[in-house]
Amino acid sequence: MIAPLTKRILRTTGILAAAAVVTALAGCSGSQGATTLDTKAKVTIQVWSGQSDAAEKIVESLAKEFEKLHPNVNVDLSPGASSTDQLLQKLSAGFAGDQYPDMSYAFGSWAGQLESSGRTLDISADVKKPDVKWDEFTEAARGTAQPSGKKVIGFPAVVDNIGLLYNKTLFDKAGMAYPTKDWTWDDFRAAAKKLTDPANHVYGYGYSVSGSEETTWQFWPHLWQNGGSILNDAGTKSEFASAAGVDALTFLQSMAVDDKSVYLDQTDTKFGQLFTSDRIGMITSGPWQLSDLKTGGTKYGVVQLPGTDGDHQTVSGPDIWALFDHKDKNRAYWATQFAQWLTSAEQDERFNVALGNLPLRSSEADSDAVKKEAAAFPGYEVFVANSANVKNTRPTSTGYAALSVAIGKSISSVLQGDGEPKSALERAAKTADQALNKK
């Protein structure tokens, strides 16, 4: 399993990068190109893949295959930057200098900023065509590609979700039954408390308290399962400081402060390492964790997240292939065609699934490629099925980066015994609302 660009630490970097360049994205309109579509005309589309190593080789091979299918099209493909998180800064500079690609990999957290630049292509009409099969993408993936709800700016590129990973060695040692898909959060709390062995530095659960997006996005399923929302429908005001949010954070506080069953990770990465080495009984993480577990020889299992009243919602942080407008109908057409082709089930099985990422489309769930990956990495199939529990879209508005930092700090403080859930969330909401309404 090789998924270097979907490691959660890079997604967190993407959130911070978005905050750093949010004010620099706007630019003047591009020069005029072909005003009438001619699908047989020679055309070059520039694509920034955002990939490296094995992933870059695969996408290069696919681009060459697309060129053979369409001899009049040249796909000028490159990584675009030395690392994925630097793509946003390079796009910003490109907008200012009128030198930007037709298509680029982009972290989902950048979608709102990219749309606000005025440079993105609107493919809302294209995705309604039956052959696109837009409804095969998860709701969260579709929502990320439509950040303001006004237009669709690209295709989903990577999807993920988090489930409950449990350490079989520690469960066996404690004489406990393994978690099931029907677990409630009360079941989870009780198990975490029983697994905790302070004398031997063993914890029932691990949670990030770095204050980063890792801290924040792990909280969202708790909020949603309690009936809460991150933002109002207009996206202009935060709603996470509701009773649902307070209940969710109070639950985590009870585990961390009262039960002392939670390893509080300041680094975002150590809790995964400790789980692998049989020091933490359960973590909530995604498919990117499976490679490390296989390498470490860890005996583990995977189930969907514990639920509230039968609701087992999870969270996803999809990335996108963003499309950009050069006022050239031929370039726009072929960039859209390439993005659609690249994210089709046939190509996705050779790209994302082959790299260990989850399949983009629901139609791939029973494919041979998915079965092969599940055989190599047990639990992968659980994450594939868990896509059905992705019900809400993590916001991609221009204020989300600041919102994430604000609530992340509040969660971290409360879990470390400093402050109470209600007041901490209310303080975070004030900061978030200022960011959401900043012009």
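Since this is a predicted model, take the numbers as computed values, not measurements.

The rules behind the values
- Residues numbered from 1 in each chain as written.
- Predicted model: local features only at pLDDT ≥ 70, side-chain atom pairs only at ≥ 80, totals over all residues.
- Heavy atoms only, no water.
- Phe/Tyr/Trp six-rings, centres within 6.5 Å; stacked < 30°, edge-to-face > 60°.
- Helix = DSSP H or I, 4+ residues; strand = E, 2+ residues; numbered from the N terminus.
- Buried < 20%, exposed > 50% of the residue type's maximum accessible area, 1.4 Å probe, protein only.
- Lys NZ or Arg CZ within 6 Å of the ring centre and 35° of its normal.
- Pairing = 2+ DSSP bridges.
- Axes fitted to C-alpha atoms, helices over the stretch in contact; angles between N-to-C directions.

Asks: Tell me what's going on with the packing of aromatic side chains, and back it up with residues and numbers.
Replies: Applying the stated criterion across every chain, the model contains 24 aromatic pairs. A ring pair is formed by Tyr-100 and Phe-324, whose centres lie 6.3 Å apart and whose planes are at 80°; its orientation type is edge-to-face. Residue Tyr-100 is found in the loop between helix H3 (87–97) and strand S3 (103–106), and its partner Phe-324 is found in the loop between strand S10 (319–323) and helix H12 (329–342); the two are separated by 224 residues along the sequence. On the basis of relative accessibility, which here comes to 2%, the residue Tyr-100 falls in the buried class. Geometrically, the ring pair formed by Tyr-166 and Tyr-178 is tilted, given 5.4 Å between the ring centres and 35° between the ring planes. In this pair, Tyr-166 is assigned in strand S5 (residues 163–167) and Tyr-178 in the loop between helix H6 (168–173) and helix H7 (185–195), connecting sequence segments 12 residues apart. Among the residues examined, Tyr-178 registers a relative accessible area of 31% and is labelled partly exposed. An aromatic cluster is built from Phe-66, Tyr-333, Trp-334, Phe-338 and Trp-341, whose rings are joined through pairwise contacts. Sitting above the plane of the Trp-48 ring, Lys-90 keeps its charged end 4.7 Å from the centroid. Between the NZ or CZ atom of Lys-294 and the centre of the ring of Phe-377, over which it lies, the distance is 4.7 Å.

Asks: Lay out the sheet that holds strand S9 (residues 300–303) in plain terms, naming residues and giving numbers.
Replies: Judged by pairing direction, the sheet is mixed, and its 5 strands sit side by side in the order S7-S6-S8-S5-S9 without closing on themselves. Two strands in the sheet have a free side with no partner beyond their single neighbour: strand S7 (262–265) and S9. Ignoring which end each strand starts from, the neighbouring axes of this sheet average 25° apart. Sheet analysis places strand S6 (residues 203–208) next to strand S8 (residues 280–285), joined by 2 bridges and oriented parallel. Bridge pairing in S8 places Tyr-203 opposite Ile-280.

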